[in-house]
Amino acid sequence: MEYDEERLSQADNQEYNQDDQYEEEAQEPVEPLVPCPPNRPMEIHHIVDTVNRYNHNLIPNLVEYVQDQLVNDHFDRDANLALLKLYQFNPDRADAPVVSAILQLALGALPDVDFSLCLALLSKPMLTDRAVQALCACHAALESAHYKSFWQQWNAKSGPKGSDFVTSEMSAADSESVYEALDARIRRFISGSISLTFQSLAAAHVEEYLALSGADLAQWAETMGWTIADVNGEKTVQIPESAHPAPVIVREQLAITNLTKILSMTA
Amino acid sequence: MAAFDQEAAAKAAPAANESAAAAAHPEQEPPVDHDQEHDQEPEQAFLPDAVRSFVARLARDVSECKWLDLEIVYEEVYPKLTASYFSKSLWPEAEAFGPDLTEDPLICILYKQLYYRHLFANGTPSFGDYIDSYTVYVDFFNFIFSKPSDFELPSQWLWDIVDEFIWQFQAFTQFRATLTPASHPDEIAELCERPDIWNVHNVLNAFYSVANISAINEQLIAKKNGASADEIAEIAGPIGSRPLFQVLGYFCLIGLLRTHAITGDYHLALRSLEHLGGSFNDPLFRPVNGCHITTFYYLGFTYMMLSRYADAIKTFSSVLMYIARLRGVFARQAAAAASAGTASNATALLKLGDKMYSLLAVCNALCPTKLEDALVVNLREKVMPDVLQVINSASSTTLSRGGADEVLAAFEKLFAYAAPKYVEPQQQPVHLRALTQGTPQQRQRALFLARVAQQLHLPVVRSYLKLYTTLPLTKLAGFLNLEGTPAQVEAEVRRLLLVWTQATRQRRHHATGPNGQPQPFHEGQVASSMDLEFVVDGAMIHVHESKTSRSPAFWLMRQTERMGETARALQVGGAAARRASANATANSAASAALTASVAKPVEAAAPVVAAS
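Residues numbered from 1 in each chain as written. Chains lettered and ligands numbered in written order. Predicted model: local features only at pLDDT ≥ 70, side-chain atom pairs only at ≥ 80, totals over all residues. Heavy atoms only, no water.

Taking an unreviewed UniProt entry as the reference, chain B is identified by name as Eukaryotic translation initiation factor 3 subunit L belonging to Caulochytrium protostelioides. UniProt's Subcellular location (unreviewed entry) comment on chain B is quoted here verbatim: "Cytoplasm". (UniProt positions renumbered as here; feature names shortened; annotations may be inferred.)

The name given to chain A in an unreviewed UniProt entry is Eukaryotic translation initiation factor 3 subunit K, and the organism recorded there is Caulochytrium protostelioides. Among the UniProt annotations of chain A, the heading Subunit (unreviewed entry) holds the following wording: "Component of the eukaryotic translation initiation factor 3 (eIF-3) complex."

If you want it as structure tokens, here you go:
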């Protein structure tokens, strides 16, 4: 412990003072170059889009923002990756419950590859954390379309859903709504894959894929624009034609610029 | 201006003296005949006149900002001298040249950088060499920040400095990983005292500071927004509008791309080039081939790690065609360097090109795409043949466990060969921790292979879907040798098709984004990366292949061009023949007839253009 403290104080002197000095001497406040995206507080934007993103003293601000994202059903890729990068550069500050909270947010961001982006920044001790491993298994199940297995793992009592970070930092009602929002995000991802792949599919399979049944499934189908009908005595989910991509027919177009060579010959 | 690591530099000064004094210790020496140099104490004795005058010319050019002559000194004289005098030994230490060199800080820095680059390329650097070389870089960046208006260097040289800076950072972190408290107690102790040495923060800080001082991003943004040259100059300020700083700022953005990529931060790597847009083709940055090729290598690799295989293929293809066009030049340079026994940029770039062929093979196996003919030919030549065969067979082998393992092993081999060297950004000190962790290389490779393993069946499924317009699920299951009850088998086929949908929808980068501006590299629209679409209706798969409808206009155009070239060749040949022989009239008549026949297709092609 003593050793770590010494190291951190050294790091303080050596790295961030440099930044400070630099800013002072340059006599200009560090202003982000890009406008602040909607839903991101200005304070966070100043951390994420400037060299402040390397200042480990700002870790608490970013951790708090992770919680904001969970509560408000919002996802900020750059801020979360910035926090993971700070953990990567300062492994002693890494906090496994926060990491798994970020990974849960990243699961909700599928089909974008955020989960893999996060994993690439984790060090071995983080990767071997129990909750992180459970989330990796969930992610692998989703990516390989083992949806049934995903819901089993995700909803398991000892599974990633009872994350220390979410449960200890929030009221029970809050954490319930956090997971309602995350579940909905993951269902939207799975539904997207179903919509693109199928035109009609037995409702039993859809129930399994989405872990929804009866009235819940009917309601979900309605929001997705699907209809549930009886086909040959089997309840079937039907997906409208418009959900499927049309095959691409490329028509070759000859532009006048293609002809420069020929035109120059006639000259 | 900025104080890049001044504290560290101050600390380093005594250390540098110490190690200069300690340089006589044999164990600190690289194994090249360095001892001998120190044995021949009279330093003047082993300095050939040519070398002495080279240093004098260097000093004069630098102090008088003669950068045209510097280009010659750097690109021609220096390699020649290295080849003739120092192919087997090190360049003399800076002190050997006396006060002329050591008293001018910039010249001293530049000379030492050359000295250490040569040492790192040809010898085994010692722990002390890493520290000293790092100190020289600190001095270099400090010089830039304190006297930004005082110097001029050719672009190639600037790029080599940035390139070598990252290379040594990579080399040092690998070297650091081999140190254990038991085997190297002194080195570990020194590292604990000097956590700044090759610290990732300091490496990043150097790049961010240069980007900041040169206002390169601000300039690129202004340019993207269509600002006039005057407005850009105002934004850039007196320092940023110097071409030297524009180039150096650009190189530092590439430096950020690389540093983020080798620490596994792929998103930030792409965002480092956020404002670059179409500026790749800016003539200011183009002359440095090394920069251009390295940038595309890291860009393509990053796309690959983001599972954006279509973008990776596009990136690799474009730069490999560029290398193919310059191949002759590179080969000549590489051969010249090889015969002189020195390392050359060209050799390194050709090697980087070979690595990109391997990565292209990986991406193309995961996302089959029609490649340019020249690339297909080179691919066969450049990629380990046994590995390439395994990868290519991925689309024909069934999903047997053994087959999949073999294909994965092939991917692993190519990744091991062609991926950049990752670094462990974790700071000092190096505890035993580092040894139990697995290297970052292994971690990133495992992540990549885990994703690849999920999509190994895609090429196989694709090869069957291409044969049908309608195909029952059960029949596809039969082709894939799936086993189990009919319900299980159908469920498995449905799963494989869902994975197809998920894995083939990738973000794809377009030159122009939806807002009409150049699209940043980290953005893109989701689109299918496969050349066919399908939809499952109950138990039946309906396949629609994406097609290109051929227009006869292109065929006509190509034939016309070919005919025109033939006619011209005949005309040239005909003119020569006329001079040479008497029966010239027959020849010219023939070529006139051909010219006339060329004119006709052109007229024929014109209405086609109008119609399309």
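Trainee: Can you break down the overall build of chain B residue by residue, with the values?
Mentor: In terms of regular secondary structure, chain B is built from 27 helices and 6 strands. Counting only residues that meet the buried cut, chain B has 54% of its 612 residues in that class. A fraction of 70% describes how many contacts in chain B between residues 6 or more apart in sequence connect residues 24 or more apart. If you sum the accessible surface of chain B, you get close to 25,800 Å²; carbon and sulfur atoms cover 56% of it. (Helix = DSSP H or I, 4+ residues; strand = E, 2+ residues; numbered from the N terminus. Buried < 20%, exposed > 50% of the residue type's maximum accessible area, 1.4 Å probe, protein only. Contact = heavy atoms within 4.5 Å. Areas by Shrake-Rupley, 256 points an atom, 1.4 Å probe, with all protein chains shown as cover.)

Trainee: Report on the overall build of chain A, specifying residues and quantitative values.
Mentor: Tallying secondary structure elements over chain A gives 14 helices and 4 strands in all. Per-residue burial over chain A gives 50% buried out of 267 residues. Within chain A, counting contacts between residues at least 6 apart in sequence, those at least 24 apart form 58% of the total. Here chain A displays about 12,200 Å² of accessible surface, and carbon together with sulfur accounts for 50% of that area.

Trainee: Any details on the packing of helix H3 (residues 59-71) of chain A against helix H5 (residues 96-107) of chain A? Residues and values, ideally.
Mentor: Residue and element names in this part refer to chain A. At a minimum axis separation of 10 Å, H3 and H5 run at an interaxial angle of 40 degrees. Regarding H3 and H5, the two cross each other, and that crossing is left-handed. Contacts between H3 and H5 involve Val63, Val66, Gln69 and Leu70 from the first element and Val98, Ala101, Ile102 and Leu105 from the second. In terms of residue class, the contact of H3 with H5 is made up of 7 nonpolar, 1 polar and no charged. (Axes fitted to C-alpha atoms, helices over the stretch in contact; angles between N-to-C directions. Left-handed = near helix turned anticlockwise from the far one by under 90°. Nonpolar A, V, L, I, M, F, W, Y, C, P; charged D, E, K, R; others polar.)

Trainee: How would you sum up the pairing of strand E1 (residues 198-202) of chain A? Please name residues and give values.
Mentor: Among the 5 residues of E1 of chain A, 4 are classified as buried, and the element is accordingly described as predominantly covered. As judged from the 2 bridges shared by E1 of chain A and strand E4 (residues 532-537) of chain B, these two strands associate in the parallel manner. Within E4 of chain B, the residue paired with Phe198 of chain A across the bridge is Val536 of chain B. Direction of pairing for E1 of chain A relative to strand E3 (residues 234-238) of chain A: antiparallel, over a ladder of 3 bridges. For Ala202 of chain A, the partnering residue across the bridge sits in E3 of chain A and is Thr236 of chain A. (Pairing = 2+ DSSP bridges.)

Trainee: Could you give me a rundown of unusual backbone geometry, with the residues and numbers involved?
Mentor: In terms of backbone geometry, most residues other than glycine have negative phi values and most peptide bonds are trans. Residue and element names in this part refer to chain A. Of note, the bond from Leu110 into Pro111 is cis; its omega dihedral lies within 30 degrees of zero at 5 degrees. Among the structural elements, Pro111 can be located in the loop between H5 and helix H6 (114-121). Phi angles above zero are rare outside glycine, and Asn39 is one such case at about 75 degrees. Mapped onto the fold, Asn39 is located in the loop between helix H1 (2-26) and helix H2 (42-48).

Trainee: Describe the packing of aromatic side chains, and please don't skip the residues or the numbers.
Mentor: Evaluation of the coordinates by the stated rule reveals 28 aromatic pairs over all chains. Both rings, one in Tyr54 of chain A and one in Phe89 of chain A, keep their centres 6.1 Å apart while their planes meet at 15 degrees; by these two values the pair is stacked. On the criterion of sequence distance, the pair formed by Tyr54 of chain A in the loop between H2 and H3 and Phe89 of chain A in helix H4 (residues 77-89) is long-range, its members being 35 residues apart. Judged by its relative accessible area of 6%, Tyr54 of chain A is buried. Taking the centre distance of 5.7 Å and the plane angle of 70 degrees together, the rings of Trp500 of chain B and Phe534 of chain B count as edge-to-face. Of this pair, Trp500 of chain B sits in helix H25 (residues 486-504) while Phe534 of chain B sits in strand E4, and the two are 34 residues apart along the sequence. The two residues Trp500 of chain B and Phe534 of chain B agree in class, both being buried. An aromatic cluster is present here, built from Tyr134, Tyr137, Phe140, Phe141, Phe145, Phe165, Trp198 and Phe207 of chain B joined pairwise through their rings. (Phe/Tyr/Trp six-rings, centres within 6.5 Å; stacked < 30°, edge-to-face > 60°.)

Trainee: For the pattern of salt bridges, give the residues involved together with the corresponding values.
Mentor: Residue and element names in this part refer to chain A. Overall, the coordinates contain 18 salt bridges over all chains when judged by the stated rule. When the shortest N-O distance is used, the salt bridge between Asp49 and Arg40 registers 3.5 Å. Close ionic contact of Asp112 with Arg77 constitutes a salt bridge, the shortest N to O distance being 3.4 Å. You can see Asp112 sitting in the loop between H5 and H6 and its partner Arg77 sitting in helix H4, a full 35 residues away along the chain. We classify Arg77 as partly exposed; its relative accessible area is 25%. (Salt bridge = Lys/Arg side-chain N within 4 Å of Asp/Glu carboxyl O.)

Trainee: Account for the side chain of His45 of chain A, naming residues and giving values.
Mentor: Tracing the sequence through the fold places His45 of chain A in helix H2. Apart from the residues within four sequence positions on either side, His45 of chain A is in contact with Pro32, Val34, Pro35, Cys36, Pro37 and Arg40 of chain A.

Trainee: Now, about the packing of helix H7 (residues 127-146) of chain B against helix H8 (residues 155-177) of chain B: what can you tell me, with residues and values included?
Mentor: Each packed pair of helices is defined by two parameters, the angle between the axes and the distance between the axes. Residues and elements named next belong to chain B. The N-to-C vectors of H7 and H8 enclose an angle of 145 degrees; their axes lie 11 Å apart at closest approach. As H7 packs across H8, the resulting crossing turns out to be left-handed. Here Phe127, Tyr130, Ser133, Tyr137, Phe140 and Phe141 of H7 come into contact with H8, specifically with Ile161, Glu164, Phe165, Gln168, Ala171, Phe172 and Phe175. The class makeup of the residues in the contact of H7 with H8 is 10 nonpolar, 2 polar and 1 charged.

Trainee: Please set out the sheet that holds E4 of chain B residue by residue, giving values where relevant.
Mentor: The sheet built from 6 strands is open, its strands ordered E2(A)-E3(A)-E1(A)-E4(B)-E5(B)-E1(B) with mixed pairing. Of all strands in the sheet, those bounded by a partner on one side alone are strand E2 (227-231) of chain A together with strand E1 (470-472) of chain B. Averaged over all pairs of adjacent strands, the angle between their axes in this sheet comes to 30 degrees, without regard to strand direction. With respect to the sheet, helix H23 (residues 458-465) of chain B is in contact with E1, E4 and strand E5 (540-545) of chain B, its orientation differing from that of E4 of chain B by roughly 80 degrees. Along the sheet, H25 of chain B contacts E1 of chain A together with E4 and E5 of chain B; its crossing angle with E4 of chain B, the most-contacted strand, is approximately 140 degrees.

Trainee: Describe the confidence of the model for chain A, with residues and values.
Mentor: All names here are of chain A. Summary statistics for chain A give a mean pLDDT of 78 and a share of 84% for residues scoring 70 or more. At the level of individual helices and strands, chain A shows its lowest average pLDDT in H1, which scores 35, and its highest in H6, which scores 91. Counting contacts from residues 1-28, a segment whose pLDDT is below 50, to residues more than four positions away or on other chains yields 45 contacts. (pLDDT = per-residue confidence, 0-100.)

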